[in-house]
Structure formats: structure tokens, C-alpha cells
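One letter stands for each residue in the lines below.
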Amino acid sequence: MIIIGSEFVEFSPVKINEFSKENLKNTEFILVKNKIQAIFANANLVKFIVCEDLNLARQLQEIANDYIFDSKIALIINDDDELNKAIEARIDAVLYENAIIK
């Protein structure tokens, strides 16, 4: 699992872009709201497909595993309890809220 934003892992703050045709170009982190957006993000070689909801992240992780995505599925979390849930769901990456540039 990739962890960004923990006090135990060195990190640089990241900028997450909202999903749009323009933002699919030259971005590493894109926030998606559904499966179709995630499919397009992977097709455009986005490095991290970011979700705010664990249920969506689980669904996307299954799709990513089945289709062997190059992109990683990332979940925005606030604390270590949410990290534990992401671990149990086998999500590729987590982004602590404090690591995000708004």
C-alpha cells in the first residue's frame, strides 16, 4: 500500500484535480465520482485515481484488479481507523487529508 500524508512516511503535499477532459492531461491525481470516470482516467494514464468514499474505492479496486489498471486506486482518509478499513479493503493507496493541497 502507498501511504501519503502519514507522520511516519515522508511525503510532499499533492494537488488533486477534479475529473474533467482538460484535467486528464498532465495530472498525477484525479478525483473521480464513478466507475466510468475511473475507466477514462486509467485510459489517460493518470497515476492515481482518487476517491472520497470507501465503497466506491472498493468497487474501483475490483475493476482495477480485473482489468490490470496501470493507475492506482487511492482513498482520501482522515485517520488511522480509516487506514485500517482501506487495508482490509486492499486499496492500493491512501491520502491523508493533511497531504492534499486545496
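The preceding data block contains the structure.
Residues numbered from 1 in each chain as written. Predicted model: local features only at pLDDT ≥ 70, side-chain atom pairs only at ≥ 80, totals over all residues. Heavy atoms only, no water.

Colleague: Go over the side chain of Ser6 with me, naming the residues and quoting the values.
Modeller: Following the sequence through the fold, Ser6 ends up in the loop between strand S1 (2–4) and strand S2 (14–15). A polar atom in the side chain of Ser6 sits 3.0 Å from the backbone nitrogen of Phe8. Non-local contacts of Ser6, meaning those with residues more than four positions away in its chain, are made with Phe11 and Tyr96. (Helix = DSSP H or I, 4+ residues; strand = E, 2+ residues; numbered from the N terminus. Polar contact = N/O pair within 3.5 Å; in protein donor to acceptor, adjacent residues only side chain to side chain. Contact = heavy atoms within 4.5 Å.)

Colleague: Tell me about the nonpolar core, and please be specific about residues and values.
Modeller: If you look at the biggest cluster of nonpolar residues, it comprises 24 residues, and the most contacted ones within it are Val32, Ile49, Cys51, Leu60, Ile73, Leu75 and Ile91. Residue assignment for this core shows that the elements contributing at least two residues are helix H1 (35–43), strand S5 (48–51), helix H2 (54–67), strand S6 (72–77), helix H3 (80–88) and strand S7 (93–96). Per element, the largest residue contribution to this core is six residues, and it comes from H2. Ranked by size, the runner-up nonpolar core spans 13 residues in total, among them Val14, Val50, Leu95 and Ala99. (Core = buried A, V, L, I, M, F, W, Y, C linked by side-chain atoms within 4.5 Å. Buried < 20%, exposed > 50% of the residue type's maximum accessible area, 1.4 Å probe, protein only.)

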